[in-house]
Structure formats: C-alpha cells, structure tokens
Amino acid sequence: IDSMKILITGATGHIGRHILTRLHNHEVVIITRSKASLTEKNSLPSKLEIIEANLTEKGSIKKIKDFLSQTSNPIDACLHLAGESIDTRWTIEKKAQIRQSRVDSAQNLIAAFESIESKPKIFICASAIGFYGDRGSDILTEDSPPGQDFLAKLCYDWEVQTDLALQGWTGTRIAHIRMGVVLSPDGGMLKTILPLFNANLGAPLGSGHQWMGWIHIADLINIYILAIENEKVTGPINAVSPYSVTNLHFSKALAKTLNKLCLPSVPSIALKLLLGEMSSLVLNSQRVKPHKLISHQIGFNFQFDTIEALKDLLIKKDTKK
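Not measured: the values here are computed from a predicted model.

## Considering the packing of aromatic side chains
- For the structure shown, the criterion picks out 6 aromatic pairs.
- Between the aromatic rings of Phe131 and Tyr156, the centroid separation amounts to 6.4 Å while the plane-to-plane angle is 40°, which identifies the pairing as tilted. Here Tyr156 lies in helix α4 (residues 150-165) and Phe131 lies in the loop between β5 (122-128) and β6 (139-140), a separation of 25 residues in the sequence.
- These aromatic residues form a ring-pair network of at least three members: Phe113, Phe123 and Trp169.

## Quick notes on the packing of helix α3 (residues 92-113) against α4
- For the pair α3 and α4, the least separation of the axes is 9 Å and the interaxial angle reads 10°. Judged by the angle between their axes, α3 and α4 are roughly parallel. Within the contact between the two elements, α3 uses Lys95, Ile98, Arg99, Arg102, Val103, Ala106, Gln107 and Ile110 and α4 uses Phe150, Leu154, Asp157, Trp158, Gln161, Thr162 and Ala165.
- A class-by-class count of the residues in the contact of α3 with α4 yields 8 nonpolar, 3 polar and 4 charged.

## With respect to unusual backbone geometry
- Positive phi values are uncommon outside glycine, yet Asn200 reaches one of about 60°.
- Position of Asn200 among the secondary structure elements: in the loop between α5 (188-198) and β9 (211-212).
- Taking relative accessible area as the criterion, Asn200 reaches 28% and is therefore assigned partly exposed.
- Even without being a glycine, Asn259 presents a positive backbone phi close to 60°.
- Its place among the elements puts Asn259 in the loop between α7 (247-258) and α8 (268-275).
- Owing to a relative accessible area of 69%, Asn259 belongs among the exposed residues under this scheme.

## A short note on the sheet that holds strand β1 (residues 5-9)
- Read from one edge of the open sheet, 7 strands run β3-β2-β1-β4-β5-β7-β11, paired in parallel fashion. Two strands close off the open sheet at either side, each with one partner strand: β3 (48-52) and β11 (235-239). In this sheet, neighbouring strand axes are inclined to one another by 20° on average, regardless of whether the strands run parallel or antiparallel.
- Two strands pair when backbone bridges link them, and β5 and strand β7 (residues 173-179) are joined in this way by 7 bridges, in the parallel orientation. Along β7, the bridge assignment pairs Ser127 with Arg178.
- Contacting β2 (27-32) and β3, helix α2 (residues 59-70) runs over the sheet at an angle of about 150° to β3.
- Here α3 sits on the sheet in contact with β1, β2, β4 (77-80) and β5, set at roughly 160° to β4.

## With respect to the state of the cysteines
- Counted by the stated rule, this structure contains 0 disulfides.
- Between Cys125, a free cysteine, and Cys78, which holds the nearest cysteine sulfur, the sulfur-to-sulfur gap is 10.0 Å.
- Cys155 takes part in no disulfide bond, and the closest cysteine sulfur to it belongs to Cys125, at a distance of 10 Å.

## Section: α2
- Counted at 1.5 Å a residue, the expected span for α2 with its 12 residues is 16 Å, and the 18 Å between its end C-alpha atoms agrees.
- Burial in α2 covers these residues: Ser60, Ile61, Ile64, Phe67 and Leu68. In an axial view of α2, the angular spread of the buried residues amounts to 135°, which keeps them on one side of the axis. Exposed side chains of α2 directed beyond 90 degrees from the buried face belong to Gly59, Lys62, Ser69 and Gln70.

Cut-off values and rules
Residues numbered from 1 in each chain as written. Predicted model: local features only at pLDDT ≥ 70, side-chain atom pairs only at ≥ 80, totals over all residues. Heavy atoms only, no water. Phe/Tyr/Trp six-rings, centres within 6.5 Å; stacked < 30°, edge-to-face > 60°. Helix = DSSP H or I, 4+ residues; strand = E, 2+ residues; numbered from the N terminus. Axes fitted to C-alpha atoms, helices over the stretch in contact; angles between N-to-C directions. Parallel < 35°, antiparallel > 145°, perpendicular 65-115°, else oblique. Contact = heavy atoms within 4.5 Å. Nonpolar A, V, L, I, M, F, W, Y, C, P; charged D, E, K, R; others polar. Buried < 20%, exposed > 50% of the residue type's maximum accessible area, 1.4 Å probe, protein only. Pairing = 2+ DSSP bridges. Disulfide = S-S within 2.5 Å. Expected span 1.5 Å × (residues − 1). Arc of directions from axis to C-beta.

This is how it looks when you write it as structure tokens:
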C-alpha cells in the first residue's frame with residue numbers, strides 16, 4: 001500500500017507498540033500524554049511527529065486542531081486505541097475514568113477535526129467483545145445485540161457515539177475492532193497469569209464452562225493493518241479466533257504447554273469477593289465468531305486459529321531466554 005499519514009492514539013500501550021512496528025513505511029503522528037513514555041523500547045517509525053495531549057481533557061482539542069491546521073500533509077487514517085486499563089477493581093471513580101478514556105477521548109479526537117477541511121478517509125476505533133455481555137453458549141456474530149452490564153454498555157456507547165460524531169464525515173470509512181482476550185507473553189491476561197501457572201498454581205476460573213473469545217497478538221495486529229488497507233473492513237469487526245474455547249479448555253491447554261499442573265477451579269464466589277464487578281471479565285461467557293473477517297468478502301487468513309497458538313507464544317518465548 002502507498003505511504004499514508006496515520007494518526008494513532010494509545011501508541012504506548014501493549015497493542016499500540018506492536019502496531020507501530022508495522023507502520024515504518026508511513027508517516028505517523030502519535031498523540032500521547034507524555035513524550036517520555038515513547039522510550040527506546042518502542043520501535044518508532046522514522047517519519048514521526050508527536051502531539052503531547054491528554055485526550056480526556058477538552059483542552060486537547062485545541063492542541064490537536066492547531067497541529068492539524070499547520071501540518072503539511074493531511075491525515076489519511078486515524079487509529080484510536082487509547083483507553084485506561086480495566087484490569088483493576090472497578091470503583092465508581094475507576095469506572096468514570098475507564099469511560100472517559102474511551103468515549104470522551106474519541107469525542108475529543110473527532111471534535112479536533114471538525115474545522116479541518118480534509119477529514120481522514122479511515123477511522124478505526126478499538127472496541128471489545130465485552131459488547132455482548134454474558135451470553136452462555138449462544139454463538140455471537142457482529143449482528144448480535146449488546147449485553148446489559150458495565151462493559152457491554154461502555155462498548156455500545158463507545159461505538160454508537162463515535163458513529164454519531166462521525167456522521168458528517170462523508171467519505172470516511174469507520175471500523176470498530178471488537179477484540180477478544182489478546183494472547184501475548186509481553187502483555188494482557190497471559191502475562192498476568194503466567195507466574196501462577198509456572199508456579200503450579202494455575203486453575204480454571206468459576207465453572208470453567210464459560211466461553212472465551214481469544215486472539216493471538218500477531219493475528220490481531222494483522223487485522224488492524226487489514227482495517228487500514230482494505231475498504232471492505234467496515235462497521236463492527238469481531239477480532240477473535242474462529243475457535244473459542246471454554247476457560248477450562250484454555251487452562252488445561254496452558255498448563256500442558258508449560259508442562260505444569262492445573263489445579264481444581266477457583267469458585268466464582270471467591271473471584272467475586274476478590275475482584276468485585278471486575279470478575280465479569282473472567283466469568284462472563286462469550287462464544288464469539290469472526291463472521292465478517294472469514295466471510296468471502298474479506299477472507300482474512302488466521303495464522304493461529306486454534307489454542308495451539310499457546311505453543312507459538314510460550315515456547316518461542318522460552319527459546320529467547
């Protein structure tokens with residue numbers, strides 16, 4: 001694909017860092033709260049500009065607008081990945097921060113472009129399969145309705161309010177990447193639970209029968225790149241492997257890959273006491289299919305579609321040591 005000018009938020013996060021390594025042929029503009037967070041461990045594109053701004057604050061709109069009105073080439077694509085971590089107890093204050101960092105930040109980013117004549121041709125926004133809530137063993141596609149819990153309402157508002165704000169942008173393609181559990185040894189859930197499994201303390205959570213939509217980090221990054229390049233990627237996109245697994249299946253597969261024990265399951269009540277409402281992250285059941293990605297129209301090829309993906313992630317990691 002020809003070189004583009006791509007604006008990215010959340011570039012210092014786990015997924016953002018991986019995406020940056022794939023944007024070396026493009027001009028990249030990063031919005032970040034702190035330039036210092038772009039350390040040497042980030043593989044930074046050579047054509048790079050940085051806007052230091054906090055997207056949850058209204059003051060960021062003027063900063064971004066000033067940059068956009070002065071920059072030589074207009075922005076071709078926006079990749080909005082910014083979002084406060086949800087891996088901590090959800091107090092009322094924390095919930096407000098999580099919401100601001102997703103819904104409000106998207107609104108402020110879009111507002112910065114309102115007076116700029118040349119709008120991006122592509123707007124790709126992160127989302128999550130939390131959109132669907134707790135759905136048992138129902139098979140969920142992009143057409144399935146949203147759930148009713150905190151995460152479901154958050155994802156719904158995030159997507160719908162972004163779509164509404166972008167309504168006047170004729171000619172802009174919009175995609176919402178609904179991510180499942182991202183499997184990567186250097187971030188996300190896997191990084192959190194590996195020490196437990198390595199210490200022979202890993203176990204299924206709750207009943208273990210809850211379905212888990214997951215994706216290998218390499219496939220996820222390929223989906224984001226595809227979303228930038230392929231005009232058929234539009235609307236909500238389920239970024240999950242075609243083969244969801246139960247939490248029990250996942251736990252046993254992880255223990256087997258590491259050659260470790262898998263203990264009896266941790267009761268749901270214990271998880272709810274320990275984590276509060278955040279326990280829904282591991283106890284909700286979401287059997288999600290990447291219906292649009294594997295359709296004939298898009299025809300995305302997964303490199304890692306079965307949970308054997310764990311071998312690639314963990315055995316490769318051990319070899320590097």
